[in-house]
Amino acid sequence: MQRREFLRRVSMACALAVAYRDGQAWAMDPGRGPIGASPGQSAALTEAQMSLVSALAEGILPATDTPGAIDAGVPSFIGLLFSEWFTPQEQLDFQRGLEQIDEQSRSLQRSTFVACPAQQQFAMLEQWDREAAVARQAHAAPTFFGRFKSLAVLAYYTSEVAQNEELKLQFGAGQDTPEGPVVMPPPFPI
Amino acid sequence: MAKIRYDAIVIGSGITGGWAAKELTERGLRVLMLERGRAVEHGRDYTTEHATPYNFKFRLLGDKLRYARDYGVQSSSTFFNEATEHFFVNDRLNPYSHDPQKPFTWIRGHQLGGRSLMWGRQSYRMAPLNFQENAQDGHGCDWPIRYEDLAPWYSHVEKFIGVSGSAIRHPMSPDGEFQPAMPMNIVERGFAERAAKLFADRPVTMSRLANLTQPLNGRAPCHYCQYCERGCSVGAYFSTQSGTLPAARATGRLTVATDSIVHSIIYDERKNRARGVRVIDANTKATREYEAKLVVLCASAFESVRILLNSATPRFPDGLANSSGTLGRYIMDHAASNLVTTQVDGPAVPNYSGGRPGPLHIPRFRNVHERRSDYVRGYQYNGAAFPLGWQRGMQAEGIGASFKHSLQRPGPWQLILVAQCEALPRAENHIRLDTHLKDAWGIPALHIDMTWGANEAAMGKEATATAVEMLEACGYKNVGVVPLPVVPGSAIHEMGGARMGKDPRTSVLNAFNQTHDIPNLFVTDGAAMSSSSSANPSLTYMALTARACAHAVEALKRRDI
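Residues numbered from 1 in each chain as written. Chains lettered and ligands numbered in written order. Predicted model: local features only at pLDDT ≥ 70, side-chain atom pairs only at ≥ 80, totals over all residues. Heavy atoms only, no water.

1. Some words on the overall build of chain A
Inference 1: Looking only at helices and strands, chain A features 8 helices and 0 strands.
Inference 2: Counting from the amino terminus, helix and strand elements in chain A follow one another as α-α-α-α-α-α-α-α.
Inference 3: Going through the 190 residues of chain A one by one, you find that 55% of them count as buried.
Inference 4: Of the contacts made within chain A by residues no fewer than 6 positions apart, 63% connect residues no fewer than 24 positions apart.
Inference 5: For chain A, the accessible surface area stands at approximately 8100 Å², while carbon and sulfur atoms represent 53% of it. (Helix = DSSP H or I, 4+ residues; strand = E, 2+ residues; numbered from the N terminus. Buried < 20%, exposed > 50% of the residue type's maximum accessible area, 1.4 Å probe, protein only. Contact = heavy atoms within 4.5 Å. Areas by Shrake-Rupley, 256 points an atom, 1.4 Å probe, with all protein chains shown as cover.)

What follows is the structure in C-alpha cells.
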C-alpha cells in the first residue's frame, strides 16, 4: 500500500495531528514489526552523542536574529525521545546513524562532525540533505539525516521559544480579518 | 440492599444518552443515567484545553510505547493525541475481534459525555429522499418514518444545541434552525464563487456546525482556538456536558451513576417487559441491579447491540428483542473518496494558533434528479483551504538560515476536497458476540465483520474523479489525488445493527425506536439507522432520541408500556 506516500502527502497537505504523530519520519519505517516496551528504554545518549545531536540540529536551524535549535532546547527534546519514546531497535538505529555521520565526516573532512569548522559542517549538511531529498523523491527508505531533520524541525517549532519568538503565533484563526479564518488541519475526520 | 426503582434507565451518556435524560426528566420522569466510564465535570476536567505543544511531555506525539500497548486502535484517529488520550478507551481492556482481512477501526470514548466531548460537530438533516431510497432501490428495509415525521424534532434539537450554518434551499441538505454560519476564508470564497457559476446543483457552503457563533443558554460563541476535542469550558460546542446534562440535572429528577458497566438487560418473561439492568462496577467489579419502567439504550450503536446480544433469554436465545434475527446485522459506516488537493494562490497571513472548527460542505447532487448506472445513492463533499504550516519543513529540502527563514511564515495555500459516501445496508455486514474473547470485566467482546461493497467503491471512484473535474473546471492547476485507504469504522459513524422498520419480522425497532418485541425497551442511538445517507449522523440520532422519548412518556402515561 502507499501508506508512506499517503502520510507524507497528508502531513504536507492537511493533517497537523497526523504530521505530529505519524508524519515525523522516525516511526514510519515500514520494515519494522510491531513496537513494544522492553528493557533498555532508559538508555540515554552519551555526552559525545548529545554534542553531535546539538551540532546537527543547530546546523539545520541556526540562531539568526531569532533563537536557534540549541536555544530552543531541541537537543534535550531529542534526547528525551531517545530515552523514553524510541523502541530499543530505534535506539540502536539512531546511535548507528550518529556513528555513520562521524564516519562520513572523517572520510570527507578527516575530523568528527563536531570538530569541523562551520563551513565544512554546512557543506556536509547540504550534501546529506540532498541525499535525503533524493530518497524521498524515489519513495525509498528515508535516510538517517532525513529522519533526524524531521525530528529537529518538529522539536524546534513545537518549542516555547519557536512558537513565541520565531512563529509569533497569534491566538485564534484570523476570523475577523479580511482574509477570513484559516483552517488548521485536520479540518474534519477523514 | 433494596433496589431503587426509577421511571426510566438511560444506558449511556453520550450524544443520545444526554438527550434521552433531558427529554425524559423534563417530561416528569425520574431517570437513572448509567455511564460505564468515569465522571467528567464540565470545565474542571478539560485538563488540556488550551495547552500548547510544549506543555506536553512529548509535544503532542504522545507516549508511543504506551500507545502501542494500550491504544493500538484509538491512536489511529485524527482526534487522538497527547491532549485527548484520556477521552479514548484503552483498547487492551476493551478488545474486539475481526477477520485479519476485514479490518475495522472502532473508536470509542467511555466517560461521562462519551464521544460528544470529541465529536466532529457537523450537523446535517437527512433529506426526504434519504428516507425513501431503501424502498425505492430495495437495499435495506423501508424506513418506518419519513422526513416530515422527524423535521419538527430536528428543529427541536437544533434550537437547543445551537447549529451555525447557512440556509441553501437544497433538496439534499434541508435547512434548519441556524445561527449565522462561520465565515469562509478568502481562498474558499474564491472557490465558492467560481463553483457557483459552473455547478448550480452543488453549492459550496459552510459546514453546519454544533459550534456557536452567538451566545446560547449561557454558552459562549466559538473563539476559534481549534481544540474542541479537548473539551470546551465555555460550552462553545454542544456536548452532553455543555447542554443536555445541565438541563436534565436542573429538573431535579436525574441520577447519574458513572463507572457502571451494563452487563445485560433483565427481562421479565411473564410480563414481556424489560425489568431493569445488571451492572458491573468498573472499579470493584461488584454487580448490582437497577429497575425501571422504561429502559432506553443509548450506549452507542455497537455497544447497545452488544448489550442486547448479551441479554439472551430462553424466549430470545439469539439476543433480546431479536425475534427478527436482524439484531447485529446491516451495520454501516461512511466510506470516502480519495483526497483531492491543489495548491492555490492565497494571501500572506500570520501564524495562527487556532483554526475554524469545521470545513466547507457541498451537499449531495448525484442520483437526485437523474439515475446513474454505476452506483445508487450519493455522497457529499467536505473541503477546506488553508496555508501550509511549519510542518512542511519536515519533508522539504533545505538547511540553515535560509531554510529557517522560509518556515517563519505560513507557506502556500492548499485547497482540498474529499467525499463522504453513503454505505448501503447489507445483511452480511454484522456484529456478533465473540465466543472466546472477553473484555476486562468478563463480558463477551464483539466480533465485527464489515467490508465495503461494490457500490461504495464505484461511488468513491466517481466522487474522486468529479472532485478533480470540479477543481479543474474552476481553473485550478496541478490538481492531485492522494489515496485515502479508509478502513470501515474510520469515519466514526458506525451505525445500524438494530434497524428501524415497519415489519417486526425484518427489523428490531418500530417507528418510535421501540423494540417490536418488548414494549418498554427502546434503542435510540445509531443502532436504529435503517440507512446511512451521506450526512454526518449525530443530529439524526438526537432527533430520533427526542422523538422516541416523547412517545415513550406518552405511552407510559397511557399505561401502554
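Following the structure, the description resumes.
2. A few points about the domain arrangement of chain B
Quoted interface sizes are often the accessible area lost when the parts come together.
Residue and element names in this part refer to chain B.
Inference 1: Entries for chain B in the domain assignment read domain 1 (1-48 + 108-162 + 239-334 + 427-451 + 492-561) and domain 2 (166-237 + 337-421 + 452-487).
Inference 2: Once you take the C-alpha centre of each, domain 1 and domain 2 turn out to be 31 Å apart.
Inference 3: Taken together, the contact between domain 1 and domain 2 spans 42 residues of the former and 42 residues of the latter.
Inference 4: Interface area for domain 1 against domain 2, summed over the two sides, is near 3400 Å², with a carbon-plus-sulfur share of 49%.
Inference 5: For domain 1, the biggest contributors to the area lost against domain 2 are Arg121, Tyr124 and Ser534; these three give 21% of the whole.
Inference 6: Counting across the domain 1 and domain 2 interface gives 2 salt bridges.
Inference 7: A salt bridge links Glu133 to Arg364; the nearest nitrogen and oxygen atoms lie 2.7 Å apart. (Domains from an automatic or database assignment. Buried area = accessible area lost by both parts, 1.4 Å probe. Salt bridge = Lys/Arg side-chain N within 4 Å of Asp/Glu carboxyl O.)

3. Things to note about the nonpolar core
Inference 1: Within the largest apolar cluster, 129 residues are counted, with the highest numbers of intra-cluster contacts made by Ile161(B), Phe191(B), Ile265(B), Val277(B), Tyr381(B) and Leu521(B).
Inference 2: Sort the elements by how many residues they give to this core and helix 4 (residues 147-161) of chain B lands first, with 8 residues.
Inference 3: One finds Leu45(A), Leu56(A), Phe82(A) and Ile399(B) within the second-largest nonpolar core, a separate group that totals 45 residues. (Core = buried A, V, L, I, M, F, W, Y, C linked by side-chain atoms within 4.5 Å.)

4. Thoughts on the interface of chain A and chain B
Inference 1: Taken together, the 82 residues of chain A in the interface contact 74 residues of chain B.
Inference 2: Taken together, both faces of the contact between chain A and chain B bury some 7200 Å²; the carbon and sulfur share is 66%.
Inference 3: Taken together, the connections running from chain A to chain B amount to 2 salt bridges.
Inference 4: A salt bridge links Glu90(A) to Lys64(B), with the shortest nitrogen-to-oxygen separation between them at 2.7 Å.
Inference 5: Counting every contact that joins chain A to chain B gives 25 residue pairs in polar contact (both at pLDDT 80 or more).
Inference 6: Those elements that place two or more of their residues in the side of chain A that touches chain B are helix 1 (3-13), helix 2 (16-23), helix 3 (47-60), helix 4 (74-84), helix 6 (118-137), helix 7 (144-157) and helix 8 (160-166) of chain A.
Inference 7: Element by element, the count of residues in the side of chain A that touches chain B is highest for helix 7 of chain A, at 8 residues. (Polar contact = N/O pair within 3.5 Å; in protein donor to acceptor, adjacent residues only side chain to side chain.)

5. What to know about the packing of aromatic side chains
Inference 1: Summed over the entire model, instances satisfying the criterion amount to 27 aromatic pairs over all chains.
Inference 2: For the pair Phe82(A) and Phe94(A), a centre-to-centre distance of 5.8 Å together with 50° between the ring planes defines the contact as tilted. Of this pair, Phe82(A) sits in helix 4 while Phe94(A) sits in helix 5 (residues 88-109); the two residues are 12 residues apart in sequence, bridging distant segments of the chain.
Inference 3: By relative accessible area, Phe82(A) is classed as buried at 0%.
Inference 4: Residue classification places Phe94(A) among the buried residues on the basis of a relative accessible area of 0%.
Inference 5: Each member of the aromatic cluster is reached from another via a ring pair, and the members are Phe82(A), Trp85(A), Phe86(A), Phe94(A), Phe144(A) and Phe148(A).
Inference 6: The cationic tip of Arg36(B) hangs over the ring face of Trp441(B); the distance from NZ or CZ to the ring centre is 5.6 Å. (Phe/Tyr/Trp six-rings, centres within 6.5 Å; stacked < 30°, edge-to-face > 60°. Lys NZ or Arg CZ within 6 Å of the ring centre and 35° of its normal.)

6. A look at the environment of Arg194(B)
Residues and elements named next belong to chain B.
Inference 1: Structurally, Arg194 is set in helix 5 (residues 186-198).
Inference 2: Along the sequence, Arg194 and Asp439 sit 245 residues apart, while their C-alpha atoms lie 53 Å from each other.
Inference 3: Within the structure, Arg194 has its side chain in polar contact with the backbone oxygen of Cys474 (distance 2.7 Å).

7. Structural notes on the pattern of salt bridges
Residue and element names in this part refer to chain B.
Inference 1: One pass over the full model with this rule turns up 42 salt bridges over all chains.
Inference 2: Between Arg36 and Glu303 there is a salt bridge; the shortest N-O distance is 4.0 Å. In this pair, Arg36 sits in the loop between strand 2 (31-34) and helix 2 (64-70) while Glu303 sits in helix 7 (residues 301-309), placing the two residues 267 residues apart along the sequence. Per residue, the accessibility class of Arg36 equals that of Glu303, and both read buried.
Inference 3: With its nearest N and O atoms 2.7 Å apart, the salt bridge here joins Arg356 to Glu188. Within this pair, whereas Arg356 is found in the loop between strand 11 (339-344) and strand 12 (360-362), its partner Glu188 is found in helix 5, the two being separated by 168 residues in sequence.
Inference 4: Salt bridges here are not isolated pairs; linked through shared partners, they connect Glu133, Asp137, Arg364, Arg377 and Glu422.

8. Describing the packing of helix 6 of chain A against helix 7 of chain A
Residues and elements named next belong to chain A.
Inference 1: Where helix 6 meets helix 7, the closest approach of the two axes is 8 Å, and the angle between their N-to-C directions is 100°. The orientation of helix 6 relative to helix 7 falls into the category roughly perpendicular. The residues of helix 7 that touch helix 6, namely those facing Leu125, Trp128, Asp129 and Ala132, are Phe145, Gly146 and Lys149.
Inference 2: Here the contact of helix 6 with helix 7 is composed, by residue class, of 4 nonpolar, 1 polar and 2 charged. (Axes fitted to C-alpha atoms, helices over the stretch in contact; angles between N-to-C directions. Parallel < 35°, antiparallel > 145°, perpendicular 65-115°, else oblique. Nonpolar A, V, L, I, M, F, W, Y, C, P; charged D, E, K, R; others polar.)

9. Brief notes about unusual backbone geometry
Inference 1: Backbone geometry places His139(A), a non-glycine residue, at a positive phi of 55°.
Inference 2: Here His139(A) is to be found in the loop between helix 6 and helix 7.
Inference 3: Although it is not a glycine, Lys285(B) sits at a positive phi angle of roughly 65°.
Inference 4: For Lys285(B), the location among the structural elements is in the loop between strand 8 (273-281) and strand 9 (287-297).

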